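# A look at the structure
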Amino acid sequence: MQYDIIIAGGGMVGSTLACLLGNAGKRVAVLEAHAPAPFAATDPYDLRVSAISRASQRALVNAGAWQGVVARRACAYEAMQVWDATGSGQIRFDAADLGEADLGHIVENRVIQCALLDAIQALDNVDLYCPDKLAAFEVGADSVQVQLHSGTTLQAQLLVGADGAQSKVRQLAGISLATNDYGQKGLVCVVQTELSHQDTAWQRFMPSGPLAFLPLSDGSSSIVWTLPADRADTMLLLSDADFCREVAQALDYRLGEVTAVGERAAFSLRGRHAEPYIQPRLALVGDAAHTIHPLAGQGVNLGIKDALGLAEQLLKSRGDVGSVAVLRAYERARRGDNVLTQKAMEGFRLLFGNTLTPWKILRNTGLSLVNRLDFVKYQIAKQAMGI
């Protein structure tokens, strides 16, 4: 089977890229080992959610998937409240002050994947191979040949690795990976609280790591609690009542008592960066190219930016989409932003984790100062939102 582009990985980033290219007339194959479970409105909320920025929302609109997202389940958040547990420093962002309806949306990853799957299936020039996955590939002078586990052989001008942090494409290509183990885990679950979340994302920075409460449309909140790995494992073993008390206290009772908690899970946190992103006839996007600390929820948004950046370069090309010149333009456009964001998140982690008095004074003073400087504050907000 002959394609323009083969995408290994049909998650949020790979499927967004496939739809953007498919809508522009490219012939695309998507390889995915597991289809998302069908969604029903009565399903409990999933553990894994993403804070979708306005820029990512536009990308999903262009991919033909956003209507499918909002038809299922999504919660717009209108404000963000951030404060330091070691002092009085805080900052608040309000969509109304920006003249915007919201700052973004909290959406379950499965909801996004289901909406993108619908969009892919509506495109005659995009073929989904699922359940199936890449077994091997061979790069030639003018094409790349891909063998699937099913025995099928595909050929294209370009192979894209969108297959996650453990990318098989990256491994087979021999691309090196710089890794920083943060020694932390992200504990995730859905909780009910005594007080309304007020369509606000709440985040408290503690020396052990930040705790974020992300609003969901039924009034519950999805939490992401960054903790030292051993403490996260201990928190998983607590009774529901004890866990509810711990997490309410950790948020400083901003939403009152935590009255109920669902299933809990914890995931190891590591920063990763591939060097390079490209080889002849091969490109990496999303978690296959980079992972960052989740304290600002920018991981999936960076991945979608990769999809947008690669699609832009491929669609500008009038010839071979797998040429090194085309792929280098993509890498130049995306590497700087990804590195800057990764280092900024690591810097925030170290800044807020430092318990020395001068650092506590610095960050609390800085938060309060920026909160009073409306122009600066909302330039930061607009940059994060992509507007």
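In this text, all values refer to a predicted model and were calculated from it rather than measured experimentally. (Residues numbered from 1 in each chain as written. Predicted model: local features only at pLDDT ≥ 70, side-chain atom pairs only at ≥ 80, totals over all residues. Heavy atoms only, no water.)

### Looking at the sheet that holds strand S10 (residues 144–148)
With antiparallel pairing, the 3 strands of this open sheet are ordered in space as S9-S10-S11. Looking at strand neighbours, the two that pair on one side only are strand S9 (134–139) and strand S11 (153–156), the edges of this open sheet. With direction set aside, neighbouring strand axes in the sheet form an average angle of 20°. (Pairing = 2+ DSSP bridges. Helix = DSSP H or I, 4+ residues; strand = E, 2+ residues; numbered from the N terminus. Axes fitted to C-alpha atoms, helices over the stretch in contact; angles between N-to-C directions.)

### Points about the pairing of strand S15 (residues 209–215)
Of all 7 residues in S15, 7 are buried, a share of seventy percent or more. Pairing of strand S14 (residues 200–206) with S15 involves 5 bridges; the strand directions are antiparallel. Each residue of the ladder has a partner; that of arginine 204, found in S15, is leucine 211. The turn linking S14 back onto S15 is made up of 2 residues. Pairing of S15 with strand S16 (residues 221–228) involves 5 bridges; the strand directions are antiparallel. Paired with proline 215 across the strands is serine 221, a residue of S16. Between the end of S15 and the start of S16, which pair antiparallel, lie 5 residues, with glycine 219 showing a positive phi angle near 95°. (Buried < 20%, exposed > 50% of the residue type's maximum accessible area, 1.4 Å probe, protein only.)

### Quick look at the packing of helix H1 (residues 12–23) against helix H5 (residues 109–121)
Direction vectors running N to C along H1 and H5 enclose 25°, while the axes themselves pass 10 Å from each other. With respect to H5, the element H1 is oriented roughly parallel. Every pair of crossing elements has a handedness; the one defined by H1 and H5 is left-handed. For the pair formed by H1 and H5, the contact residues are Met12, Ser15, Thr16, Ala18 and Cys19 on the first element and Asn109, Ile112, Gln113, Leu116, Ala119 and Ile120 on the second. Partitioned by chemical class, the residues of the contact of H1 with H5 number 7 nonpolar, 4 polar and no charged. (Parallel < 35°, antiparallel > 145°, perpendicular 65-115°, else oblique. Left-handed = near helix turned anticlockwise from the far one by under 90°. Contact = heavy atoms within 4.5 Å. Nonpolar A, V, L, I, M, F, W, Y, C, P; charged D, E, K, R; others polar.)

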